[in-house]
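A structural walkthrough
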Amino acid sequence: MVDLELLALARDAATRAHCPYSRFRVGAVALADGLPFAGCNVENASYGLAICAERVALFSAVAAGHPRVTRLAVACVDAPPDDGPSGRMPCGACRQVMAELMPPEAIVVVDGVGDFTLADLLPNPFAL
Ligand code: THU
């Protein structure tokens, strides 16, 4: 599956976000064994329970029995066009989860920004 397809699926997943508090829709797609697993952010009235789209996508892949994720696409469809990369990049918590489930050379495709290796996004991740 090529990046344009992954990004299209990530944008589509963002339309399913549950984000009544931030109104900031995010979609993500994890590619594992050639299969796409989509996620969107899901917020909660108890704000700290919100989960990012990236982690939903990664956990969906694991739950489906495909824990080896080789690529991840992310689309922050509500990021203002002039804001630059910062409002589109994966958060630190999601980077740590990526490091658990993706190899350092795996590519993270950020819609409107570009491609990054996981090692670039999170050098020296915590590991046990
Ligand atoms: N969010 C994501 O889904 N992914 C990120 O990498 C950063 C932020 C979500 C969490 C929350 O629902 C909303 O965006 C605003 O922070």
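Anything mentioned here points back to the structure above.
Figured I'd write up the structure that's included with this text. (Residues numbered from 1 in each chain as written. Predicted model: local features only at pLDDT ≥ 70, side-chain atom pairs only at ≥ 80, totals over all residues. Heavy atoms only, no water.)

1. Focus: the sheet that holds strand E1 (residues 26-32)
What counts, and what does not: Strand pairing is assigned whenever DSSP detects at least two bridges linking the two strands. Helix and strand assignments come from DSSP, with helices taken as H or I runs of at least 4 residues and strands as E runs of at least 2, each series counted from the N terminus. Axis definition: a line fitted to C-alpha atoms, limited for helices to the stretch in contact. Angles are taken between N-to-C directions and run from 0 to 180 degrees.
A sheet is described by the order of its strands in space; here five strands give the open sequence E2-E1-E3-E4-E5, paired in mixed fashion. Only two strands of the sheet have a single neighbouring strand rather than two, namely strand E2 (35-40) and strand E5 (114-117). Pairwise comparison of adjacent strand axes, ignoring direction, gives a mean angle of 20 degrees for this sheet. As paired strands, E1 and E2 are joined by six bridges and run antiparallel to one another. Paired with Gly-27 across the bridge in E2 is Cys-40.

2. Some details on the site of the ligand
The condition is simple: Note on definitions. A residue lies near a molecule or strand when any single heavy atom of the residue is within 4 Å of it. Contacts described as polar in this section are N or O atom pairs within 3.5 Å, which, within protein, must combine one atom able to donate a hydrogen with one able to accept it, while residues neighboring in sequence count only if both atoms come from side chains. Computed with a 1.4 Å probe, the accessible areas rest on the Shrake-Rupley method; for each residue, only the protein chains presented here act as cover. Any residue that is not Ala, Val, Leu, Ile, Met, Phe, Trp, Tyr, Cys, Pro, Asp, Glu, Lys or Arg is counted as polar, Gly included; the first ten are nonpolar and the last four charged.
Around the ligand sit Ser-22, Phe-24, Val-26, Asn-41, Glu-43, Cys-52, Ala-53, Glu-54, Met-89, Pro-90 and Cys-91, and that is every residue in its neighbourhood. A distance of 3.0 Å is found between an oxygen atom of the ligand and a backbone nitrogen or oxygen belonging to Cys-91. In isolation the ligand has 380 Å² of accessible area, and contact with the protein removes 78% of it. Tallied by class, residues from the shell around the ligand come to seven nonpolar, two polar and two charged.

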